[in-house]
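Residues per chain, in single letters:
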Amino acid sequence: MTGTLLLTFDDRHVAGWEEALPLFEAAGARVTFFVVEADLLDDAEQAGVRRLLAAGHSVGSHGARHRNADEAILELGAAEYLRTEITGSVAALRSLGASASSFAYPNSRRDETTDAVLLEVFDHLRGGSPRTTDLGVARASIVPRDAKVFPGRGIDTGRGGVPQLNDAVALSELLGELAEGDGTLVLYAHEIAPVGRGNHIHPDRLHAVLIEARRLGLRMVGFDDYSPASWS
Ligand SMILES: [Zn+2]
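How each quantity is defined
Residues numbered from 1 in each chain as written. Predicted model: local features only at pLDDT ≥ 70, side-chain atom pairs only at ≥ 80, totals over all residues. Heavy atoms only, no water. Pairing = 2+ DSSP bridges. Helix = DSSP H or I, 4+ residues; strand = E, 2+ residues; numbered from the N terminus. Donors = N, O, S within 2.8 Å, 3.2 Å for Na, K, Ca; no water. Buried < 20%, exposed > 50% of the residue type's maximum accessible area, 1.4 Å probe, protein only. Right-handed = clockwise from strand over helix to strand, strands pointing away. Contact = heavy atoms within 4.5 Å. Core = buried A, V, L, I, M, F, W, Y, C linked by side-chain atoms within 4.5 Å. Axes fitted to C-alpha atoms, helices over the stretch in contact; angles between N-to-C directions. Parallel < 35°, antiparallel > 145°, perpendicular 65-115°, else oblique. Left-handed = near helix turned anticlockwise from the far one by under 90°.

Asks: Please set out the sheet that holds strand 12 (residues 191-192) residue by residue, giving values where relevant.
Replies: Overall, mixed pairing links the four strands, which are arranged 10-9-13-12 in an open sheet. Of all the strands in the sheet, just strand 10 (162-163) and strand 12 have a single pairing partner and so form its edges. Across two bridges, the pairing between strand 9 (residues 158-159) and strand 13 (residues 199-201) is antiparallel. Pairing of arginine 159 across the sheet is with asparagine 199, part of strand 13.

Asks: For the coordination of the zinc ion, give the residues involved together with the corresponding values.
Replies: The protein atoms that coordinate the zinc ion are Asp11 (OD), His62 (NE2) and His66 (NE2), at distances spanning 2.1 to 2.2 Å. The sequence motif formed by the donor residues of the zinc ion is D-x50-H-x3-H. Note that aspartate 11 is positioned in strand 1 (residues 4-11) and histidine 62 in the loop between strand 3 (58-61) and helix 4 (69-76), a separation of 51 residues in sequence. Exposure class is identical for aspartate 11 and histidine 62. Each is buried.

Asks: Residues and numbers for the pairing of strand 3, please.
Replies: Taking every second residue as pointing to the same face, both faces of strand 3 are buried, with Ser58 and Gly60 on one and Val59 and Ser61 on the other. Here strand 2 (residues 32-35) pairs with strand 3 via four bridges, running parallel. Directly across from phenylalanine 33, in strand 3, lies its bridge partner valine 59. Between the parallel pair strand 2 and strand 3, the chain is carried across by helix 3 (residues 43-54), and the sense of this crossover is right-handed.

Asks: So what about helix 4? Which residues, and what values?
Replies: Those residues of helix 4 that sit buried are Ala69, Asp70, Ala72 and Ile73. Here the buried face of helix 4 lies against helix 5 (78-95) and helix 6 (112-118). Two residues or fewer past helix 4, glycine 77 is found with a positive phi of approximately 90°.

Asks: If you had to explain unusual backbone geometry to someone new, which residues and values would you point to?
Replies: The backbone of asparagine 107 sits at a positive phi, close to 55°, despite the residue not being glycine. Relative to the helices and strands, asparagine 107 resides in the loop between strand 4 (102-104) and helix 6.

Asks: So what's going on with the environment of tryptophan 231? Which residues, and what values?
Replies: Relative to the helices and strands, tryptophan 231 is located in the segment after strand 14 (219-220). Distance from tryptophan 231 to methionine 1, taken between C-alpha atoms, is 9.3 Å for residues 230 residues apart in sequence.

Asks: Account for the nonpolar core, with residues named and values stated.
Replies: Judged by nonpolar contacts, the single largest core of 56 residues is most densely connected at Leu5, Leu7, Phe9, Phe24, Tyr81 and Leu118. Take this core: its biggest share by element is six residues, from helix 5. Residues within four places of tyrosine 81 in sequence aside, it is in contact with Ala69, Ala72, Ile73, Leu76, Ile86, Phe103, Val117 and Leu118. Residues Phe150, Val186, Val221 and Trp231 belong to the second largest nonpolar core, which totals eleven residues.

Asks: Account for the packing of helix 4 against helix 5, naming residues and giving values.
Replies: Interhelical geometry of helix 4 versus helix 5 gives an angle of 120° and a closest axis separation of 7 Å. By the angle between their directions, the pair helix 4 and helix 5 is classed as oblique. For the element pair helix 4 and helix 5, the recorded crossing hand is right-handed. Between helix 4, through Ala69, Ala72, Ile73 and Leu76, and helix 5, the contact on the second element is made entirely by Ala78, Glu80, Tyr81 and Thr84.

Rendered as structure tokens:
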């Protein structure tokens, strides 16, 4: 028995994600990339997404235009939200060979209504949870493995020039607890780069997380491979 760690990366940082492929391969990790604006990807980005898939990783949807699901469903209704924000995104990703069977909420904005609407389309949804060093709070981000909606935990190291909370110790404790049970923890970051204009994780930090997870024997899979029923 061991826990499962799902590493996920959001938005449209395809080139930087590709550069990190050797890190994932060295750690035996498969991960998930949640792509936004899939219908707007240029040729180089499309080729990049195909290479991420060819390397065994999963690609899910992060919405067509990064709209907050809760607000958009209230404003447009579920059908129009799905038509404008989801259908085109899924179609564009599938044309590149992705299953697009999972979805990450833009800005982690979700509620029970959005979950019900989006679980009609996707197998799994990822939201967010407080970035905290309080292990009692952080522990809630480990959920039963048959969950459909996962409270992701952020691991970016910076946002522009501003460092994120250094919660490496808390994450280590969390990973240790994950290894002792059979729950699932979803982590999320954005661009993989030493510096970035927006949210980014330094490759050294990503490497450290991967090494630690591997040492603990955690299962590291993408959402396409996430089928707990088949695990012993
Ligand atoms: Zn995003």
